[in-house]
Each structure stands twice: as C-alpha cells, then as structure tokens.
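# Observations on the model geometry
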Amino acid sequence: MYEPSQLRTFLAVAQTLSFTQAARRLGLRQSTVSQHVRRLEEATGRPLFVRDTHGVELTEDGEAMLGFARTILEAHERASAFFTGTRLRGRLRFGASEDFVTTRLPEILEAFRREHPEVDLELTVELSGTLQSRLEAGRLDLILAKRRGGTVSEGEELVWQDVLVWIGAPRLRLDPDRPVPLIVYPPPGITRARALEALQAQGRAWRIACTSSSLSANVAAARAGLGVMAHTRGLVPPGLVELPARTGLPELGAVDFVLRKGRRRGPTQDAADALASAILAGGDRLHRPR
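Figured I'd write up the structure that's included with this text. (Residues numbered from 1 in each chain as written. Predicted model: local features only at pLDDT ≥ 70, side-chain atom pairs only at ≥ 80, totals over all residues. Heavy atoms only, no water.)

The next thing to look at is the packing of helix α1 (residues 4-16) against helix α3 (residues 30-44). Packing of α1 against α3 brings their axes to within 9 Å, and their N-to-C directions diverge by 110°. Between α1 and α3, the interaxial angle falls into the category roughly perpendicular. Side by side, α1 and α3 meet where S5, Q6, L7, T9, F10 and V13 of the first sit next to V33, H36, V37, R39 and L40 of the second. For the contact of α1 with α3, the residue count by class is six nonpolar, four polar and one charged. (Axes fitted to C-alpha atoms, helices over the stretch in contact; angles between N-to-C directions. Helix = DSSP H or I, 4+ residues; strand = E, 2+ residues; numbered from the N terminus. Parallel < 35°, antiparallel > 145°, perpendicular 65-115°, else oblique. Contact = heavy atoms within 4.5 Å. Nonpolar A, V, L, I, M, F, W, Y, C, P; charged D, E, K, R; others polar.)

See below:
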C-alpha cells in the first residue's frame, strides 16, 4: 500500500520541513517530491502536511505516519539485506556533536549495531568544530555535526534545520546594567562564536561565567543560575527554558545539522552509507527528548 520511495520522501520533508531541502537531500526534483507526498496522502486518505506561505508543518496524521514510515522502511531494509546476502563488515569511526547527548541517537545506534553486528562502531562525542577537523584529517569516517545555517555544502546531507536561542534557568533574571553572564563551550564551539559575535554586534557587555566542553556540565551550570547559554531551540535540555524577548538579548540566527562522510572507501564507505541512511530515516527522533 505504501511505496518505500514515497515513505523516504515523506521522512525527508518531515525532518527538514522543506520540500526544497528534501529534494536536495534525495537528489530529486521538487516536483517529484511533491508528487510522492501527494500520492502518499492519496494512499492514506489523510493530509500529512499543512503547507502555506510561511512553511510546512506536520498534521496529527503526519506525526502518526512518522513511526509507521520508519518501521516499514526498516523492515524493507532488513528483508533486502537478508535476501541479497549483504553483510556489512569493518571498522566505522563515527563522530557526533555534544548536542545529541540527551537525544534518542543511542536508539538509532543500537538498532544499527543489531542489524550490522560485524561492523566495529567507534563513537566519538565532541564539539562540532573538532569533529569537522578530525574528519578532514582522516581520523573519522562519518560525523553528525552542527554548522552555521545557510547553503548546505557539497558532501553534506542536511538532517534538519533549527535556530539558536538563549536559554537559562526558569527563575533567572538578567540585570541590564551588568555584563551578560555566559555559559559557553571552549573554541571552536559554534554556539560560543555566534553568541560572542551577536553580543558584540549589539554592543552588549558580557563575561564568561562557565566554560566546559561537556554539555552536562554546562547544563548543570545553567540550572544553577550561573548564566545563559546559546543552544538549539529543538534541543533545550530539561530544567532550562528559552529566555523571553524582553531580556533584550540579540537574535542568534539559524543552525544546520548535517552528515558528512570521510574519504575512506570499500567496507568503511558501505558502513558509513548504511549508518547515514539510518540517521536520516530517524532524524526526527534527534530533536525529540528521550
């Protein structure tokens, strides 16, 4: 009843909330993406997206279809691997940004390990800038990292787009006459650089209240009320809230989460392709709390 190609297109649109970005990810024309979604909606008899001049949003039936689509595609991949006799092997060095520590990425990795037990998966959790450097140096084979919002570069696959916001403890109050207390990652943290640039452009004084390369440590400092931190809106940790506009803090702009593959070929490339596909298929789970 439901074509795998249409389900893959549906997932791409659901995760990027953009027909244009979904077409770019899948290597299809935008008209083809629209056609796949229309045919899937005809098959279900329900609208899956609400589309207007402001953007694309999932309907309640679209939200329900997310789980069904993933299940169907996973079963399809298992059946294909079984009957073709394809078994992935080798060592795969995967790097993930600190942002995903509190998401459901472990569930995706667990399913991958279960499906491909002969792949030796090595996980590195680091700042996005550090992951990019290690990938370029040939020390990682695949990364899931954050980058400034904008045009996705060649060799990157967009997982989803979001915006950076200021977050802090619910009872935190900022004194407009004193420097903004910042909780930041060390360089080359992307959120650190963006926060400092935005405050400097606004002419707002600031001071570093806490620096750590650990998301858990920074979140603990924020929960204790030590200061504010720039963070992805879709990944706000429990116990922290987005600060209201009345604080007067500057806007921080968009951010993209992308997959990038290394230069190794053979079994490593095959394993990287398989894990990338699994992450793209489950990308909507990466900005939902565990």
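Next comes the rest of the account.
Let us look at the pairing of strand β2 (residues 55-58). In β2, alternate side chains face the same way, and those of V56 and L58 are buried while those of G55 and E57 on the opposite face are not. When strand β1 (residues 49-52) meets β2, the two strands line up antiparallel, connected through four bridges. Bridging across to β2, F49 finds its partner in L58. The hairpin turn running from β1 into β2, its antiparallel successor, is two residues long. (Buried < 20%, exposed > 50% of the residue type's maximum accessible area, 1.4 Å probe, protein only. Pairing = 2+ DSSP bridges.)

Where nonpolar side chains cluster on the molecular surface, the patch consists of V101, L123 and V125 and spans about 210 Å² of accessible area. Given the relative accessible area of 32%, V101 is considered partly exposed. (Patch = residues over 30% accessible without salt bridge, like charges linked within 9 Å, V, L, I, M, F, W, Y side chains within 5 Å. Areas by Shrake-Rupley, 256 points an atom, 1.4 Å probe, with all protein chains shown as cover. Salt bridge = Lys/Arg side-chain N within 4 Å of Asp/Glu carboxyl O.)

Using the criterion set out here, one finds five aromatic pairs in the structure. Seen in terms of ring centroids, F19 and F49 are 6.2 Å apart; in terms of plane orientation they differ by 70°. Their pairing is edge-to-face. With a gap of 30 residues between them, F19 in helix α2 (residues 19-26) and F49 in strand β1 connect regions that are remote in the sequence. Here F19 and F49 have matching classes, each one buried. Summarising the aromatic geometry, the rings of F100 and W160 are spaced 6.0 Å apart at their centres and angled 80° between planes, so their arrangement reads as edge-to-face. Taken together, the positions of F100 in the loop between β3 (90-97) and α5 (105-115) and W160 in strand β6 (residues 156-168) put the pair 60 residues apart, joining distant regions of the chain. For the pair F100 and W160, a shared accessibility class is recorded, and that class is buried. (Phe/Tyr/Trp six-rings, centres within 6.5 Å; stacked < 30°, edge-to-face > 60°.)

Attention now moves to α2. All of the buried residues along α2 are F19, Q21, A22, A23 and R25. The inward-facing, buried residues of α2 contact α1, α3, β1, β2, β6 and α9 (267-281). Directly after α2, the chain includes G27, whose backbone phi takes a positive value near 70°.

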